[in-house]
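# Coordinates in review
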Amino acid sequence: MTKRTVLYAFVVVLAAGAPLAAGAQTTTQPSPVISVTGEARISVPPDMVQIDTGVTSDGKTAREASDANNATMGKVLLALKGAGIEEKDYQTSRLSLQPQYTAAKSGSPATISGYRASNRVTIRLHDITKVANMIDTVVTAGANEIGGINFMVSQASKLLDGAREQAIADARRKAEIYAKAAGVALGAPVSISEEGAAQPLFRARVMGGMAAAPVPIAQGEETLSISVGVVWAIKKDP
């Protein structure tokens, strides 16, 4: 082989390899999409209620405060059982026994003047029309604190199924607006995700200290909300 022939073969190999190197450097461009959030809300009447109540007792000694508190709370629990409340629907939520102090004089430390015992119980009712009667029952039995009343929706997830469909429809509506404004055609959804907590299961309605019975209660309605994130593909030109 002559020197001229060898040189020619070398140049041909380089030329053939050039497209391979260029192809290795190309990157795949992401598909164009439209990402939106669809929302929906429904209002439904609550069908359950949670009542936070309890007994607070004072005494000169820790034993005196504790014994007085236990005796009164025992009467409250018996009243709940007498009212037909199942044991699974009431539960002790907090117990405390704390010293009470007199105001400190200048240069002197505060001194213990007595003790305060507290026992709180959470009651769940499946009939919200009995709220006022239940408050009357526990107060009559000796409860001297009503901490809060929470109305609840027990089957919120099932009730939200219709709202989920509405949320998807809302997402499509928004995506079509964006697609039209951008001069493109909307394709199929690429991904759908439910965002955040679907709904509040309960909401506080009444808060405060001692409540007198009978008590007027307004149950109102609960607003359940849902939001979904949807990514839509953009159709390619035919």
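Coordinates for the structure precede this section.
Below is a short write-up of the structure.

Across the sheet, which stays open at both edges, the 3 strands sit in the order β1-β8-β6 with antiparallel pairing between neighbours. Strands at the two margins of the open sheet, each flanked by one partner only, are β1 (33–44) and β6 (186–194). Along the sheet, successive strands turn relative to each other by an average axial angle of 30°, direction set aside. Pairing geometry for β6 and strand β8 (residues 222–234), over 6 bridges, is antiparallel. Within β8, the position partnered with Ile192 by the bridge is Val230. Helix α4 (residues 156–182) rests against β1, β6 and β8 of the sheet, and its axis sits at about 145° to β1.

Taken as a whole and assessed by the stated rule, the structure comprises 10 salt bridges. A salt bridge links Arg120 to Asp52; its shortest N-O distance comes to 3.0 Å. Taken together, the residues Arg120 in strand β4 (residues 112–125) and Asp52 in strand β2 (residues 48–59) connect sequence positions 68 residues apart. Residue classification places Arg120 among the buried residues on the basis of a relative accessible area of 9%. Note that Asp89 is salt-bridged to Arg124, the shortest N-O span being 3.0 Å. Note that Asp89 is positioned in the loop between α2 (62–82) and β3 (90–101) and Arg124 in strand β4, a separation of 35 residues in sequence. On the basis of relative accessibility, which here comes to 32%, the residue Arg124 falls in the partly exposed class. A cluster of three or more residues bridged by salt bridges with shared partners is formed by Asp52, Arg120 and Glu145.

Right, let's talk about the environment of Gly59 for a bit. With respect to the element layout, Gly59 can be found in strand β2. The class for Gly59 is buried, based on a relative accessible area of 10%. Residues contacting Gly59, with those up to four places away along its chain left out, are Glu64, Ala65, Gly114 and Tyr115.

As a further point, take α4. Taking 1.5 Å of rise per residue, the 27 residues of α4 would be expected to cover 39 Å, and the 38 Å separating its terminal C-alpha atoms lies within 8% of that figure. The largest bend in α4 comes to about 35°, at Gly162. Looking at α4, one finds that the buried residues are Ala156, Leu160, Ala163, Ala167, Asp170, Ala171, Ala175 and Ala179. Next to the buried residues of α4 lie β1, β6 and β8. Residue Gly183 follows α4 closely and has a positive phi angle near 75°.

Within the largest apolar cluster, 23 residues are counted, with the highest numbers of intra-cluster contacts made by Ile123, Leu125, Val131, Met134 and Val138. Sorting elements by how many residues they give to this core places helix α3 (residues 131–141) first, with 6 residues. Counting residues in hydrophobic clusters, the runner-up holds 20 residues, among them Ala171, Ala175, Leu224 and Trp232.

The rules behind the values
- One numbering rule holds for all chains: residues counted from 1, following each sequence as written.
- It should be noted that, the model being predicted, local features are given only for residues of pLDDT at least 70 and side-chain atom pairs only at 80 or more, the latter also being counted only at that level, while totals for whole chains, interfaces and linings use all residues.
- Hydrogens and water molecules were not included; the side-chain quantities draw on all heavy atoms of the structure.
- For two strands to pair, DSSP has to find at least two bridges joining them.
- Helix and strand definitions here come from DSSP, where helices need a minimum of 4 consecutive H or I residues and strands a minimum of 2 consecutive E residues; each element is numbered from the N-terminal end.
- In this analysis, axes come from line fits to C-alpha atoms, helices being fitted only over the stretch in contact, and the angle between any two N-to-C directions falls in the range 0 to 180 degrees.
- Contacts are assigned to residue pairs that have any heavy atoms within 4.5 Å of one another.
- Throughout this description, the term salt bridge denotes a Lys or Arg side-chain nitrogen within 4 Å of a carboxyl oxygen of Asp or Glu.
- The cut-offs for exposure are 20% and 50% of the maximum accessible area for each residue type, with area from a 1.4 Å probe on protein chains only; residues under the lower value are buried, those over the upper are exposed, and the others partly exposed.
- A helix is expected to span 1.5 Å for every residue after the first.
- Here the bend at a residue means the angle between the axes of two seven-residue stretches, the one that ends at it and the one that starts at it.
- What we call a nonpolar core is a set of buried Ala, Val, Leu, Ile, Met, Phe, Trp, Tyr and Cys residues that are connected through their side-chain atoms within 4.5 Å.

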